[in-house]
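What follows is each chain in one-letter form.
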Amino acid sequence: MEMNQFADISKDLSTQIKEVENLVRDDQFKEARKLLPAAQENCNNLESLMAPDNRIQRNIVNNRRQEIVWIQDAIQVGTAKAKAKPVRKRVSKSK
């Protein structure tokens, strides 16, 4: 039963991570930031179901955690770039 739960949560987590990655790719950082905590919680749930001596499960959890860290970094970089865009000043027409 635990193996099925692990597989189900792992599949759900992969789907969540892909959704967040797509939002980041589309520069929708606010939406991505809202969905990321659910993915982190799902990753914690996945870790709690992991068998202590199962290297494959441990690698899966570690890989998902790394993907979440990369997404967090991408959100921070993207948000910083969005804030750093120069404001275009309006040029007045002189007659």
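Computed from a predicted model, the values in this text were never measured in an experiment.

Here is what the cut-offs are and how they apply
- Residues numbered from 1 in each chain as written.
- Predicted model: local features only at pLDDT ≥ 70, side-chain atom pairs only at ≥ 80, totals over all residues.
- Heavy atoms only, no water.
- Helix = DSSP H or I, 4+ residues; strand = E, 2+ residues; numbered from the N terminus.
- Buried < 20%, exposed > 50% of the residue type's maximum accessible area, 1.4 Å probe, protein only.
- Contact = heavy atoms within 4.5 Å.
- Areas by Shrake-Rupley, 256 points an atom, 1.4 Å probe, with all protein chains shown as cover.
- Polar contact = N/O pair within 3.5 Å; in protein donor to acceptor, adjacent residues only side chain to side chain.
- Expected span 1.5 Å × (residues − 1).
- Bend = angle between axes of the 7 residues up to and from the residue.

Student: Can you help me understand the overall build of the chain in this one?
Tutor: The helix and strand tally for the chain stands at three helices and zero strands. Listed N to C, the secondary structure of the chain is α-α-α in terms of helices and strands. Here the chain, with 95 residues, has 27% of them falling under the buried criterion. Of all intrachain contacts in the chain linking residues separated by at least 6 positions in sequence, the fraction that spans at least 24 positions is 66%. Approximately 7600 Å² of the chain is accessible, and the part contributed by carbon and sulfur atoms is 51%.

Student: I tried to follow the side chain of Gln 57 on my own but got confused; where do I start?
Tutor: Among the structural elements, Gln 57 can be located in helix H3 (residues 55-84). Within the local environment of Gln 57, its side chain forms a polar contact with the backbone nitrogen of Ala 51, the two atoms lying 2.7 Å apart. Among all residues touching Gln 57, those that are not within four sequence positions of it are Met 3, Phe 6, Leu 49, Met 50 and Ala 51.

Student: Looking at this model, I keep getting lost on the environment of Asn 22. Mind explaining?
Tutor: The residue Asn 22 is located in helix H1 (residues 2-25) in this model. Between the alpha carbons of Asn 22 and Ala 32 there is a distance of 8.5 Å; along the sequence they are ten residues apart. Here the side chain of Asn 22 touches Arg 25 through a polar contact of 2.7 Å, side chain to side chain.

Student: Would you explain helix H2 (residues 29-49) in this entry?
Tutor: Three- or four-residue spacings in an α-helix give side chains the same orientation, since the helix completes a turn every 3.6 residues. Helix length check: H2, at 21 residues, gives a terminal C-alpha distance of 30 Å against a target of 30 Å (1.5 Å per residue), a fit within 8%. Where H2 bends most, the angle comes to about 30 degrees, and this point is Leu 35, followed within four residues by the proline Pro 37. Looking only at H2, the buried set comprises Phe 29, Ala 32, Leu 36, Ala 39, Asn 42, Cys 43, Leu 46 and Leu 49.

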